[in-house]
Amino acid sequence: MKILILGGTREAREIADIASGERGVEIVSSLAGRVREPVLPVGAVRMGGFGGVQGLREWISGNAIDLVVDATHPFAGGMTANAAQAAAQLGLPVLHVRRPGWHEQPGDRWIRVPNLTVAAETVAGLGDRVFLTVGRQGVAAFAASGQFFLIRAIDSPEGAVPPRHEVLLARGPFAVEEEIALLTAHAIEVLVTKDSGGALTEAKLQAARTLGLPVVMIDRPPLPGGAEQVETVAQAWDWVLARR
Ligand code: NAP
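Since the model is a prediction, treat every value here as computed from it, not as a measurement.

**Some remarks on the overall build of the chain**
Of regular secondary structure, the chain possesses 7 helices and 12 strands. Taking 244 residues into account, the globule formula puts the C-alpha radius of gyration at 18 Å, and the chain, at 19 Å, falls close to it. Once the C-alpha set of the chain is aligned to its principal axes, its extents read approximately 55 × 35 × 30 Å. Counting across all 244 residues of the chain, residues that qualify as buried make up 44%. Looking at the chain alone, contacts between residues at least 24 apart form 65% of all its contacts between residues at least 6 apart. Accessible surface computed for the chain: about 11300 Å², of which carbon and sulfur atoms make up 52%. Between the centroid of the 23 positive side chains of the chain and the centroid of its 26 negative side chains there is a distance of 3 Å.

**What about the pattern of salt bridges?**
What the rule picks out here adds up to 12 salt bridges. With a closest N to O distance of 3.7 Å, Arg36 and Asp155 form a salt bridge. One end of the pair, Arg36, is in the loop between strand E2 (26-31) and strand E3 (44-47); the other, Asp155, is in the loop between strand E8 (148-153) and strand E9 (164-169), with 119 residues separating them in the sequence. Looking at Asp155, the relative accessible area reads 10%, which means it is buried.

**Digging into the sheet that holds strand E6 (residues 109-113)**
Sheet strands line up and pair through hydrogen bonds in the backbone, either parallel or antiparallel. As summarised here, the arrangement of the 6 strands in space is E6-E11-E10-E7-E8-E9, forming an open sheet in which the pairing is parallel. Whereas interior strands pair on both sides, the edge strands pair on one side only; in this sheet they are E6 and E9. Pairwise comparison of adjacent strand axes, ignoring direction, gives a mean angle of 20° for this sheet. Sitting on the sheet, helix H4 (residues 116-123) touches E6, strand E7 (129-133), strand E10 (190-194) and strand E11 (214-218), and the angle it makes with E11 is about 165°. Across the sheet, helix H6 (residues 203-211) touches E6, E7, E8, E10 and E11, and the angle it forms with E10 is around 155°.

**Remarks on the pairing of strand E4 (residues 67-70)**
Here E4 shows a buried face lined by Leu67 and Val69 and a second buried face lined by Val68 and Asp70. In this sheet, E4 lies alongside strand E1 (residues 2-6) in parallel orientation, the contact comprising 4 bridges. Residue Ile3 lies in a different strand from E4, and its bridge partner there is Leu67. Examined bridge by bridge, E4 and strand E5 (residues 94-97) share 3 bridges and lie parallel to one another.

**What about unusual backbone geometry?**
The omega torsion across Gly172 and Pro173 is 10°, close enough to zero to call that bond cis. As for its position among the elements, Pro173 is in the loop between E9 and helix H5 (176-185). A positive phi is found at Ala64, a non-glycine position, where the angle reads about 50°. Relative to the helices and strands, Ala64 resides in the loop between helix H2 (52-62) and E4. Judged by relative accessible area, which is 51%, Ala64 ranks as exposed. Backbone geometry places Ala187, a non-glycine residue, at a positive phi of 50°.

Conventions used here
Residues numbered from 1 in each chain as written. Predicted model: local features only at pLDDT ≥ 70, side-chain atom pairs only at ≥ 80, totals over all residues. Heavy atoms only, no water. Helix = DSSP H or I, 4+ residues; strand = E, 2+ residues; numbered from the N terminus. Rg over C-alpha atoms; globule rule 2.2 N^0.38 Å. Buried < 20%, exposed > 50% of the residue type's maximum accessible area, 1.4 Å probe, protein only. Contact = heavy atoms within 4.5 Å. Areas by Shrake-Rupley, 256 points an atom, 1.4 Å probe, with all protein chains shown as cover. Lys, Arg positive; Asp, Glu negative; His and termini not counted. Charge placed at Lys NZ, Arg CZ, Asp CG, Glu CD. Salt bridge = Lys/Arg side-chain N within 4 Å of Asp/Glu carboxyl O. Pairing = 2+ DSSP bridges. Axes fitted to C-alpha atoms, helices over the stretch in contact; angles between N-to-C directions.

Right under this line is the structure:
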């Protein structure tokens, strides 16, 4: 059985780890190739876009793939939609692995927004000093804002940036005490983040709660209609084994 794992997440690497120890299972992990120094999964890896739904369909057929496990980031909506379409056209099973989103807790001051554009409009009224953690591809949505932005991303922002900003290149995990120190040192008044979920980058939310700061939380794009979805690596692996 040959599985295409659409990756770029910790979950995708964990699925590759498990699969590599299983006899009779062959895997290929796929990465978009955007991050300069990606953390690579074990086993075979291919890099770069497939060329839309048609390119993906051709790649899947040409490589005799039996199953597609879409373990991309919850905000990689384009890749997810393409995977769902290509698999449906080929009649192949596809599973979407989506870690749970974050949930508001007592003491939190969250404002949920549907996308980056509304996040930029919303944050305008919430303070002059913003901690922006929306990934380097999301920064351009804030380019017309006059506030100060502390931008944290793995690689430098892509495209236009707000006139007043500082870039902090870093990759999680982050600790709560470090996050509190960072927000305090930069006199941050409001945090903007995507609802990525997971423990790796959750500490900023605890820091905002401790400091009483508002959080503009960008909701995930919806999964394609009728998609089969699980939340954990263990559930994903059960799904794979059930199809042997
Ligand atoms: P996206 O907007 O959904 O995808 C745009 C295009 O990038 C896709 O149509 C595809 O190009 C290519 N692509 C995306 N993921 C790919 C993969 N795993 N393998 C091969 N091609 C891929 O994706 P994105 O939000 O830019 O994310 C890119 C990658 O970064 C994904 O692997 C994702 O898991 C990871 N990531 C994203 C975020 C985030 O916040 N968006 C955060 C952490 C990690 P073609 O149409 O040419 O096939």
